[in-house]
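Descriptive structure summary
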Amino acid sequence: MTQDYNFAYLDEQTKRMIRRAILKGLAVPGYQVPFASREMPMPYGWGTGGVQVSAATLTPEDTFKVIDQGSDDTTNAVSIRKFFEKTAGVAVTEETEKASVIQTRHRIPEAALREDQILVYQVPIPEPLRFLEPRETETRKMHSLQEYGLMHVKLYEDISQHGAIATAYAYPVRVSDRYVMDPSPIPKFDNPKLEMAAIQLFGAGREQRIYAVPPYTKVVSLDFEDYPFEPTKADHACDLCGAEDSYLDEVILDDAGNRMFVCSDTDYCRSRREAGHVGRLGEEAA
Amino acid sequence: MTATATTAIAGGFSDPAIESARAFRAAMNVMARPGEIRDLDMARPPAPLSAAAGTLLLTLCDPETGVHLAGACDSAEMRGWLAFHTGAPVVSADRAGFAVGRWADLLPLDRFRIGTPEYPDRSATLIVELEALQQAGASLRGPGIKDSAALSLPDPAALAGNAMLYPLGLDFFFTCGGRIAALPRSTQISEG
C-alpha cells in the first residue's frame, strides 16, 4: 500500500498533544480538557473533534466503525469511515461486535460494548452549562466549585412548564459524583448505557475540548426524588425487526399520515432481521 | 564523547507513527483501568531507565512538555537520549509536565504541579520505576474499576493522600522492565 499521509492523517506532535489530553481526561472523568484542535479536511459540525480523537487512538490492528444517529450509511458516517480507511489503512466494519473503535454521532449502539472496545463521541457543545451561562470564565468557576444549582433550576423549570423534565437529548449527567457532563446529544434513552465496560472518549473540535469516561464509572442522570429520570423512546416496536427495546426513528411514509418506526441502530436492526425477527411492515429475510 | 553520542541516537522507535500509536493504546488502557498491567516494550533507553518508561517518554513527550529526571535517571546519556528523540526540555520538579525516576528519588511529591481548581489537567504525570509490579497489595476502587483491583504500590498512604486532593493531584504510571500500570488521582486506595 502506498502511504500518502502520515498514519491516521495527523502529524505526530498533534497526536501526542491529543493523547496527553485524553490521559488527563481519563484521570479526571467528566472534566473538559482544553486541546489545540486542528483544522480537519471537513467542516466543523461534521465530527472534527471525534475524528481527531479517533486519529490519536487508532492503531493499524483496529477495526473501525462509524455511526451517525445510529446509522452506518449516512454521508457523515461513510465519509469518516473512508477517511480512516485511506489515511490509517484500518479495517472497517458496520458490525458493532467486530469493531474495536467506534466513532459515533448522537447514539450509543444498542448492543452492550465490551472491555476491548472504545467509543468515540462527536460533541458539538461540550459545556453542559453553556446555554445557562455563556461565559467560559464563569462556567469554569462553576465546575471548580461544583456550583450546579443552575442546572437543577433548569430541570425544575421544565417540570413547572411541561409537567415533566422535557429535556430529551443531551441530558446532563454527573460523573463519578463530581463533574456535570454533557453526554453529547444522545437521546436520554441512551443515558443508562453510559455506565459501560468500554472506554468512552468525547471530542469537540470547534470548542477545543476533550473529555472521557473510564469503564464502569458511575454516571448519574440528574433528576429529582419526586421526578426521577426516565429513559424514553417512541411507544412502538420496530416495524422492520419488531424490537421493543431499541431506540426508534419515525419515518413519514406518505402525505396521508402513514408512518413507520424503525430502529435507529441500523446494525442492530439488520442483525435481528437476519436472525429471523420480522416487524409489522418487515419482510421475511430471503 | 563518541560513546555518549551513540547511546543518544540508538534505542528509539524504528517506526514512530505506528509504534507510538500502539504504545499510547497500552498507556490509555492502563490509565483507564487502574490496576491493569500491560506490556510496553519498544524503546531501549540508556540505563537505568526501563524499556516501558522510555517508550512512554517517546510516546508522550516533545518540545512542549518539560521533563524532570529524578535521581540516577538524570545522567548525560539520558539527557542526550531524551533531547535527540523527543526534544523535550529537562526542567525542575515544579515546572515538570512529566517526571521519571525511582519512587525515593521523586519524593517529596508536593514539589510537583497538581493543577488548579479551574484547570486540574495542568498537573504533572509521574513515571515511577519499580523493582516489581504485580496485581497484589493495595486495594483500588473508583472509575475504571469494576469492583475492586489490586496493585503493588510503592507507598499506599502517600498515594491515598494524593487522591484526597481530587480533582487536583498527580497521575502516576508505574513501570517495571517492559510492563506498565497506572494510577490516576481518581482512584480510592485502601491498604490491602
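Look above for the structure.
Let us look at the structure shown here.

**Describing the pairing of strand 9 (residues 209-213) of chain A**
Residues and elements named next belong to chain A. Most of strand 9 is tucked away, with five of its five residues classed as buried. Taking every second residue as pointing to the same face, both faces of strand 9 are buried, with Arg-209, Tyr-211 and Val-213 on one and Ile-210 and Ala-212 on the other. In this sheet, strand 9 lies alongside strand 1 (residues 33-34) in antiparallel orientation, the contact comprising two bridges. By the bridge assignment, Pro-34 is partnered in strand 9 with Arg-209. Counting the residues in the hairpin turn of strand 8 (residues 199-204) and strand 9 gives four residues, including Gln-208, whose phi is positive at 60°.

**Looking at the sheet that holds strand 5 (residues 138-141) of chain B**
Residue and element names in this part refer to chain B. Spatially, three strands are ordered 6-5-9 in an open sheet, and the strand pairing comes out antiparallel. Only two strands of the sheet have a single neighbouring strand rather than two, namely strand 6 (149-151) and strand 9 (188-190). The mean inter-strand angle of the sheet, taken between neighbouring strand axes irrespective of direction, is 35°. Summarising the sheet, strand 5 and strand 9 pair through three bridges and their orientation is antiparallel. Note that in strand 9 the partner of Leu-140 across the bridge is Ile-189.

**Brief notes about the environment of Tyr-9 of chain A**
Along the chain, Tyr-9 of chain A turns up in the segment before helix 1 (12-27). In contact with Tyr-9 of chain A, not counting residues within four places along its chain, are Met-40, Pro-41, Phe-83 and Thr-87 of chain A.

**Observations concerning unusual backbone geometry**
In this structure, Pro-108 of chain B follows Leu-107 of chain B across a cis peptide bond, with omega equal to -5°. With respect to the element layout, Pro-108 of chain B can be found in the loop between helix 5 (103-106) and strand 4 (125-129). Each neighbour pair has its own omega, and for Tyr-166 of chain B with Pro-167 of chain B the value is 5°, a cis peptide bond. In this fold, Pro-167 of chain B is placed in the loop between helix 6 (156-164) and strand 7 (171-176). Here the phi dihedral of Ala-8 of chain A falls at roughly 60°; this positive angle occurs in a residue that is not glycine. For Ala-8 of chain A, the location among the structural elements is in the segment before helix 1. Its relative accessible area of 0% is what places Ala-8 of chain A among the buried residues.

Rules used in this analysis
- Residues numbered from 1 in each chain as written.
- Chains lettered and ligands numbered in written order.
- Predicted model: local features only at pLDDT ≥ 70, side-chain atom pairs only at ≥ 80, totals over all residues.
- Heavy atoms only, no water.
- Buried < 20%, exposed > 50% of the residue type's maximum accessible area, 1.4 Å probe, protein only.
- Helix = DSSP H or I, 4+ residues; strand = E, 2+ residues; numbered from the N terminus.
- Pairing = 2+ DSSP bridges.
- Axes fitted to C-alpha atoms, helices over the stretch in contact; angles between N-to-C directions.
- Contact = heavy atoms within 4.5 Å.

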